[in-house]
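Notes for the structure review
So you can see what is in the structure, the chains are spelled out below.
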Amino acid sequence: MLRGAALRVTRPRVAVLSAVHAHSHADTDSIIGAVRRDLPGVSRQAVYDVLRALTAAGLVRRIEPPGSVARYESRVGDNHHHVVCRSCGLIADVDCAAGEAPCLTASDDRGFLIDEAEVVYWGLCPGCSTACSS
């Protein structure tokens, strides 16, 4: 994947890419922890730099739901959205809305060339909704 994106293959890049693939929607601290299990001496800055390079190359996607820290996922190249639990913060992928898609076409683009619309669904995950109803 790295070579295909014209990136040099390094141990930190492989470790970060593996961590993102293994831990979908992980925050930077979680990725750093996973990488340090394989490469104990890697610096925080090195992981940040690798995440920035992987995101720029389109190998990972950075998301930042309102009220959350940045998170990274390996699902790239499609237009999917996310559902976020208001209680525990769990994030899951949601494919695009079928049928009538709400608010995906701006009524007035104000001269912008719009290439993406971001949708975040909010609610309670199954675990939290069960706990609330008990």
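Above this text is the structure in question.
Read on for a plain summary of the structure. Here the structure is a predicted model, which means the values were calculated and not measured. (Residues numbered from 1 in each chain as written. Predicted model: local features only at pLDDT ≥ 70, side-chain atom pairs only at ≥ 80, totals over all residues. Heavy atoms only, no water.)

Concerning the overall build of the protein
For the record, the criterion: By the criteria applied, helices consist of DSSP H or I runs no shorter than four residues and strands consist of E runs no shorter than two, each listed in order from the N terminus. Only protein chains enter the accessibility calculation, which uses a 1.4 Å probe; a residue is then buried when its area is under 20% of its type maximum, exposed when over 50%, and partly exposed in between. We call two residues in contact whenever any of their non-hydrogen atoms come within 4.5 Å of each other. Here the open area of atoms and residues is found with the Shrake-Rupley method and a 1.4 Å probe, where only the protein chains shown may cover a residue. Think of it this way: Lys and Arg go in the positive column, Asp and Glu in the negative one, and His and the chain ends go nowhere. Think of each charge as sitting on NZ of Lys, CZ of Arg, CG of Asp or CD of Glu.
Each helix and strand in the protein was counted, giving 4 helices and 6 strands. Overall, the protein shows an N-to-C arrangement of helices and strands of α-β-α-α-β-β-β-β-β-α. Oriented by its inertia axes, the alpha-carbon framework of the protein measures out at about 50 × 45 × 20 Å. By the burial criterion, 31% of the 134 residues in the protein qualify as buried. Put simply, 47% of the contacts in the protein that link residues at least 6 apart link residues at least 24 apart. Here the protein has roughly 8600 Å² of accessible surface; of this, 52% comes from carbon and sulfur atoms. Within the protein, one finds 14 positive and 15 negative side-chain charges whose respective centroids are separated by 11 Å.

Quick look at the nonpolar core
Heads up, the condition is: Definition of nonpolar core: a set of buried residues of the types Ala, Val, Leu, Ile, Met, Phe, Trp, Tyr and Cys, connected through side-chain atoms within 4.5 Å.
In terms of nonpolar packing, the biggest core is built from 22 residues, with Val-16, Ile-31, Val-35, Val-47 and Leu-54 touching the most fellow members. Going through the elements one at a time, helix 1 (11-22), helix 2 (28-38) and helix 3 (44-56) are the ones with two or more residues in this core. Among the elements that line this core, the one with the most residues is helix 1, at 5 residues. Excluding anything up to four places from it in sequence, Val-35 contacts Ala-15, Val-16, Ala-19, Val-42 and Val-47.

Considerations on unusual backbone geometry
Located in the positive-phi region is Ala-6, a residue other than glycine, with phi close to 60°. Relative to the assigned elements, Ala-6 resides in the segment before helix 1. Overall, Ala-6 belongs to the exposed group, its relative accessible area being 73%. Backbone geometry at Arg-110 places phi at a positive 55°, although glycine is not the residue there.

Quick word on helix 1
Threshold: Take the residue count of a helix, subtract one, and multiply by 1.5 Å to get its expected span. Between N or O atoms, a polar contact is any pair within 3.5 Å; within protein, one atom must be a potential hydrogen donor and the other a potential acceptor, and residues adjacent in sequence are included only when both atoms are from side chains.
Between its first and last C-alpha, helix 1 extends 16 Å over 12 residues, near the 16 Å set by a 1.5 Å rise per residue. Residues of helix 1 that are buried include every one of Arg-13, Ala-15, Val-16, Leu-17, Ala-19 and Val-20, and no others. Tucked inside the fold, the buried residues of helix 1 contact helix 2, helix 3 and strand 3 (71-73). Its side-chain oxygen placed 3.2 Å from the backbone nitrogen of Arg-13, Thr-10 serves as the N-cap of helix 1.

Honestly, that's just the spatial picture; any functional story needs more than this.
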